[in-house]
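The lines below spell out each chain.
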Amino acid sequence: MARNFMEAVENRRSIYALGRRRVADPGRIQELVSFALKHVPSPFNSQSARIVVLFGIESNKFWTIARDELRKIVPADAFAATEEKIASFDAGLGTILFFEDQAIVEGLMNKFSLYKDNFPIWSLQSNGMLEFAVWTMLEDEGLGASLQHYNPLVDEGVRKAWNFPASWKLLAEMPFGSVETPAGTKEFLPLAERMKVIGG
Ligand SMILES: Cc1cc2nc3c(=O)[nH]c(=O)nc-3n(C[C@H](O)[C@H](O)[C@H](O)COP(=O)(O)O)c2cc1C
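For the structure given in this document, a descriptive report is provided here. Worth saying up front: this structure is predicted, and the values here are computed from it rather than measured. (Residues numbered from 1 in each chain as written. Predicted model: local features only at pLDDT ≥ 70, side-chain atom pairs only at ≥ 80, totals over all residues. Heavy atoms only, no water.)

1. Some details on the site of the ligand
Taken together, Arg-12, Arg-13, Ser-14, Tyr-16, Trp-135, Leu-147, Gln-148, His-149 and Lys-186 form the complete shell of residues around the ligand. Here Arg-13 contributes a side-chain N or O atom positioned 2.6 Å from an oxygen atom of the ligand. In the environment of the ligand, an oxygen atom lies 2.7 Å from a nitrogen or oxygen atom belonging to the side chain of Ser-14. For the ligand, the protein covers 53% of the area, taking 620 Å² as the surface of the free molecule. (Near = heavy atom within 4 Å. Polar contact = N/O pair within 3.5 Å; in protein donor to acceptor, adjacent residues only side chain to side chain. Areas by Shrake-Rupley, 256 points an atom, 1.4 Å probe, with all protein chains shown as cover.)

Below you can see the structure in the form of structure tokens.
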């Protein structure tokens, strides 16, 4: 990590103007993603997260699926804006797909009935931690990324294109690439409205 942890957390932003300058090579990106996948915690250490890193034309294939599915549901006069948005995600170096393996989640639900209702929620929380870790590490490497949710619209197309196990539920997509335009300023609510400190 080039910066310390707090600096990296502060600098992670949603970057929408992506390019294909090779700020980091694919091997390094793979290393970062696998590091996060290995070390991010999961309920009962179930390790239910699954990740797919799509580079180059494989990433293009994903955004073609999204574009084609959106074309079916977006009114024709609004589609140009949709297409432009998809093109901006497609303009980067790749896309990371985040899944949770429902076979693992269901296994936990059956095994530990006391926590049955919690496992699907914890699974999402754990995947969110993973998304955050990957996003922050990409930023720290000099890359830009954003978090997208074209699931479940693209689920069928994704399954057909890459034949992932049926139990892998797609939760989020993270297009990444070189930063062509940095993020703008961000507004913050007063922290006093959001946090209480008791005791100490
Ligand atoms: C759980 C979650 C879901 C999000 N979904 C989307 C999304 O579908 N599309 C998108 O463009 N941004 C999405 N975002 C990004 C937020 O809009 C963004 O993080 C927030 O506005 C703060 O901006 P920053 O990322 O630049 O700090 C999501 C963020 C989170 C944490």
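2. Digging into the pattern of salt bridges
Applying the stated rule across the entire model yields eleven salt bridges. Put simply, Arg-3 and Glu-139 hold a salt bridge, and the shortest N to O gap is 2.8 Å. With Arg-3 in the segment before α1 (5-11) and Glu-139 in helix α6 (residues 118-140), this residue pair connects regions lying 136 residues apart in the sequence. Judged by relative accessible area, Arg-3 falls into the partly exposed class, the value being 29%. Here Asp-68 makes a salt bridge to Arg-71, at a shortest N to O gap of 3.9 Å. Here the residue Asp-68 and the residue Arg-71 both occupy positions in helix α3 (residues 56-73), the gap between them amounting to three residues, near one helical turn. Residue classification places Asp-68 among the partly exposed positions, given a relative accessible area of 37%. Ionic contacts of the salt-bridge type, sharing partners, join the residues Arg-3, Glu-139 and Asp-140 into one network. (Salt bridge = Lys/Arg side-chain N within 4 Å of Asp/Glu carboxyl O. Helix = DSSP H or I, 4+ residues; strand = E, 2+ residues; numbered from the N terminus. Buried < 20%, exposed > 50% of the residue type's maximum accessible area, 1.4 Å probe, protein only.)

3. Concerning the environment of Val-197
Inspection of the secondary structure assignment puts Val-197 in the segment after α8 (191-194). Residues Val-197 and Phe-79, 118 residues apart in the sequence, show an inter-C-alpha distance of 48 Å.

4. Let's talk about the pairing of strand β3 (residues 94-101)
By the criterion of burial, β3 is predominantly enclosed, with eight of the eight residues buried. Residues Gly-94, Ile-96, Phe-98 and Glu-100 line one face of β3 and the alternating positions Thr-95, Leu-97, Phe-99 and Asp-101 line the opposite face, and both faces are buried. Strand direction decides the pairing type here: strand β2 (residues 49-55) and β3, joined by seven bridges, are antiparallel. The residue bridging Arg-50 from the neighbouring strand is Phe-99, located in β3. Sheet topology note: the β3/strand β5 (residues 168-181) ladder contains eight bridges and is antiparallel. Paired with Glu-100 across the two strands is Lys-169, which belongs to β5. (Pairing = 2+ DSSP bridges.)

5. Quick notes on unusual backbone geometry
Glycine aside, residues mostly have negative phi angles, and peptide bonds mostly take the trans form. At the junction of Asn-151 and Pro-152, the peptide bond is cis and its omega measures out at 0° in the coordinates. One can find Pro-152 in the loop between β4 (143-145) and α7 (155-162). Of note in this structure, Asn-45 is not a glycine but carries a positive phi near 55°. Judged by relative accessible area, Asn-45 falls into the exposed class, the value being 54%.

6. Some words on the nonpolar core
Grouped together as the largest cluster of nonpolar side chains are 22 residues, with contacts concentrated most on Ile-96, Phe-98, Leu-130, Val-134, Leu-138 and Met-174. Broken down by secondary-structure element, the contributors of at least two residues to this core are α2 (26-39), β2, β3, α6, β4 and β5. Not counting the four nearest positions on each side in its chain, Met-174 is found in contact with Gly-94, Thr-95, Ile-96, Phe-98, Glu-131, Val-134, Trp-135, Leu-138, Ala-145, Ser-146 and Leu-147. Counting residues in hydrophobic clusters, the runner-up holds 20 residues, among them Phe-99, Val-154, Val-158 and Trp-162. (Core = buried A, V, L, I, M, F, W, Y, C linked by side-chain atoms within 4.5 Å. Contact = heavy atoms within 4.5 Å.)

7. Topic: the packing of aromatic side chains
Aromatic ring pairs: the centre-centre distance and the angle between the two ring planes describe each pair. Counted according to the given criterion, the structure contains 16 aromatic pairs. Aromatic pair Tyr-115 and Phe-119: ring centres 6.3 Å apart, planes at 80°, arrangement edge-to-face. Among the residues examined, Tyr-115 registers a relative accessible area of 35% and is labelled partly exposed. What makes Phe-119 buried here is its relative accessible area of 1%. (Phe/Tyr/Trp six-rings, centres within 6.5 Å; stacked < 30°, edge-to-face > 60°.)

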